[in-house]
Amino acid sequence: MPASPSSSAEAARKALAARLRDLRLDAELTVRELADRANWSHSKVSRIENVRTAPSPDDIRAWARVCGADGQAEDLVAALRTVEGMWIEWRRMERRGLRKAQESVRPLYERTRAFRAYDSWLVPGLLQTMGYTAAILHATRKRRGLVDDVDAAVAERMDRQHVLYEGRHTFAFLLEEAVLRAGIGGREVMREQLRHLLTVGFLPNVSLGIVPMQPAREAMRPVEGFWIFDNAQVAVELVSGYLTISQPQEIEMYAQVFRELGNLAVYGEKARALIHEAIAVLGESRAPTCTKLEP
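Residues numbered from 1 in each chain as written. Predicted model: local features only at pLDDT ≥ 70, side-chain atom pairs only at ≥ 80, totals over all residues. Heavy atoms only, no water.

Q: In this structure, what is going on with the pairing of strand S6 (residues 233-237)? I would like to understand it.
A: Walk down a regular strand and you will see the side chains alternate between the two sheet faces. Among the five residues in S6, four count as buried, and that is most of the element. As judged from the four bridges shared by strand S5 (residues 226-229) and S6, these two strands associate in the antiparallel manner. Bridge pairing links Phe226 to Val236 in S6. Here S5 folds back onto S6 in antiparallel fashion, the turn holding three residues, of which Asp230 has a positive phi close to 55 degrees. (Buried < 20%, exposed > 50% of the residue type's maximum accessible area, 1.4 Å probe, protein only. Helix = DSSP H or I, 4+ residues; strand = E, 2+ residues; numbered from the N terminus. Pairing = 2+ DSSP bridges.)

Written out as structure tokens, the structure is:
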């Protein structure tokens, strides 16, 4: 359970340590007494309570037993596993390649019925064209020194997009206008991607909002990109890792941010006008292109 730059993951680690400390205090045991009864070094108890060392499941069970709280042991172990699953460094998630990393999140997309996604710098994966996805994953592979399985990873992500067209799924996407001007993959790739946004935005189960660039933005500022799945889980992709949030109070915080950003966004013809403006900035394409939706 390594420390992470995520305040959510760090707060969860501290909360678990606090629960263990409270068990010790309720049992009226000192640090030394608990350590002696568990046959540990005294420093181990201190390190766990001060969030410098992560307890193992067996450590937690022994702690609860010594404190006379066996009934709480499994709940505490479950909390530990939740904390461990909240934060995954990219090097761990991608250690078997980008394709496996893409496959690992597919079940979440398959079972989700209501999607909400916001991004301030990239088009969300479900709305990406093949060229746009390839540009992103090639850059990711190079930056992180991964094996070259980009073609397979791109194919996996493209196949995942079937949820847009099959089943009873609904989607609400919010993009900062800057996403339309980011130039990912170069002019041709970006032009194709923007035209695809115009097409997919007409799907009856898709809401596409664009937050316009403003000379003075006093309301909700841009934040890190995130996905909300069925109001039951939030996924955040940070520079150093993948954060999963499942606590209702924190999910509601992201839902509130989504609502506030949604109030700043434009939709329908106004959103399409912004996309057309971004396409115009790119200039004329070398050859006619067409984005086709697969049924």
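Additional details are given in the paragraphs that follow.
Q: Where do I start with the pattern of salt bridges in this structure?
A: Between side chains of opposite charge, pairing is possible as soon as their charged atoms come close. Scanning all chains against the criterion turns up 16 salt bridges. Taking the shortest distance from any N to any O, the salt bridge between Arg24 and Glu49 comes out at 2.6 Å. One end of the pair, Arg24, is in helix H1 (residues 7-26); the other, Glu49, is in helix H3 (residues 42-49), and 25 residues separate them in sequence. Each of the two residues, Arg24 as well as Glu49, counts as buried. Notably, a salt bridge pairs Asp58 with Arg61, separated by 3.4 Å at the nearest N-O pair. Taken together, the residues span about one helical turn, with Asp58 and Arg61 both in helix H4 (residues 57-66) at a distance of three residues. Given the relative accessible area of 27%, Arg61 is considered partly exposed. Here the salt bridges do not stand alone but share partners, grouping Arg106, Glu110, Glu156 and Asp159 into one network. (Salt bridge = Lys/Arg side-chain N within 4 Å of Asp/Glu carboxyl O.)

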